[in-house]
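# Coordinate inspection notes
Spelled out, the chains give:
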Amino acid sequence: TPFVKGSLEVDYEALGKQLERQIAGGVTGIVPVGTTGECPTLSHEEHRAVIEFVVKTVNKRVQVIAGTGSNSTAEAISLTEHAKAVGVDAALVVNPYYNKPSQEGLFQHFSAINKVGLPIVLYNIPGRCGVMMTPATVARLAELPNIVAIKEAT
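## Here we look at the packing of helix H4 (residues 103–114) against helix H6 (residues 135–142)
Put simply, H4 and H6 touch, their axes get as near as 10 Å, and they point 25° apart. Between H4 and H6, the interaxial angle falls into the category roughly parallel. The way H4 lies across H6 gives a crossing that is right-handed. Each of Gln-103, Glu-104, Leu-106, Phe-107, Phe-110 and Ser-111 in H4 lies in contact with H6, whose residues at this interface are Thr-137, Arg-140 and Leu-141. Residue composition of the contact of H4 with H6, grouped by class: 4 nonpolar, 3 polar and 2 charged.

## Examining the sheet that holds strand S5 (residues 147–152)
Pairing between the strands of a sheet comes from backbone hydrogen bonds, and it takes one of two forms, parallel or antiparallel. What the 5 strands build is an open sheet, ordered S1-S2-S3-S4-S5; its pairing is parallel. Only two strands of the sheet have a single partner each, and these edge strands are strand S1 (29–30) and S5. Sheet strands in contact with H4 are strand S3 (90–94), strand S4 (120–124) and S5, and its direction is about 160° off that of S3.

## What to know about the pairing of S3
Along S3, 5 of the 5 residues are buried, which leaves the element largely enclosed by surrounding structure. Pairing of strand S2 (residues 63–67) with S3, which is carried by 3 bridges, proceeds in the parallel orientation. Directly across from Ile-65, in S3, lies its bridge partner Ala-90. On the question of chirality, the crossover connecting S2 to the parallel S3 by way of helix H3 (residues 73–86) is right-handed. Note: S3 against S4, 4 bridges, orientation parallel. Paired with Val-93 across the bridge in S4 is Leu-122. Handedness of the crossover is the feature at issue here: the chain leaves S3, passes through H4, returns alongside S4, and the resulting connection is right-handed.

## Considerations on H3
Each full turn of the α-helix corresponds to 3.6 residues, which orients residues three or four apart in the same direction. The end-to-end C-alpha separation of H3 is 20 Å, in line with the 20 Å expected for 14 residues at 1.5 Å each. In this fold, the buried residues of H3 make contact with helix H2 (44–58), S2, S3, H4 and S4. Remark: Gly-87 follows H3 within two positions and exhibits a positive phi of approximately 105°.

## Some words on the packing of H2 against H3
At their nearest, the axes of H2 and H3 sit 10 Å apart, and the two run at 25° to each other. By the criterion of interaxial angle, the relationship of H2 to H3 is roughly parallel. For the pair H2 and H3, the sense of crossing is right-handed. From H2, His-44, His-47, Arg-48, Ile-51, Glu-52 and Val-55 reach across to H3, where they touch Glu-75, Ser-78, Leu-79, His-82, Ala-83 and Val-86.

## Let's talk about the environment of Gln-108
Tracing the chain through its elements places Gln-108 in helix H4. A C-alpha to C-alpha distance of 9.4 Å links Gln-108 and Leu-141, two positions 33 residues apart in sequence. Here the side chain of Gln-108 touches Glu-104 through a polar contact of 2.6 Å, side chain to side chain.

## Focus: the environment of Ala-91
Mapped onto the elements, Ala-91 comes out in strand S3. Linking Ala-91 and Arg-140, residues 49 residues apart in sequence, is a C-alpha distance of 19 Å. Setting aside residues no more than four positions away along its own chain, Ala-91 makes contact with Ile-65, Ala-66, Thr-68, Thr-80, Leu-118, Pro-119, Ile-120 and Val-121.

About the cut-offs
Residues numbered from 1 in each chain as written. Predicted model: local features only at pLDDT ≥ 70, side-chain atom pairs only at ≥ 80, totals over all residues. Heavy atoms only, no water. Axes fitted to C-alpha atoms, helices over the stretch in contact; angles between N-to-C directions. Helix = DSSP H or I, 4+ residues; strand = E, 2+ residues; numbered from the N terminus. Parallel < 35°, antiparallel > 145°, perpendicular 65-115°, else oblique. Left-handed = near helix turned anticlockwise from the far one by under 90°. Contact = heavy atoms within 4.5 Å. Nonpolar A, V, L, I, M, F, W, Y, C, P; charged D, E, K, R; others polar. Pairing = 2+ DSSP bridges. Buried < 20%, exposed > 50% of the residue type's maximum accessible area, 1.4 Å probe, protein only. Right-handed = clockwise from strand over helix to strand, strands pointing away. Expected span 1.5 Å × (residues − 1). Polar contact = N/O pair within 3.5 Å; in protein donor to acceptor, adjacent residues only side chain to side chain.

Encoded structure:
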């Protein structure tokens, strides 16, 4: 996500240009506010606004998989509900960071987000989150109707 030079404001003009360049280059999907990028530095309002801007700008020309993860289950649900409401195709949801939940805690976290009814891509990145989702937990989550993929970064 680009920012206006010398400012803390998102540069939507530059973001629009980036999106058009990526689409012209042949990408089939865009992931706004992914966790390794800028999302930890955005306010919740900015996070939501970036997702809305991307959805409107790409206008169904490519898939939009919005980053909606958080270490707070309630916040992750809220971000995922918003993403669904504005028309994303799926959500990329990271393991809760900092909290270091148990495997059962991971299962409960993702099970609650699953209820939003949007396709979910699990994001297992233990180096950033301090917890690794085990294959057994992934297998349990895969039985839920909206868990559709995993981004594995172990």
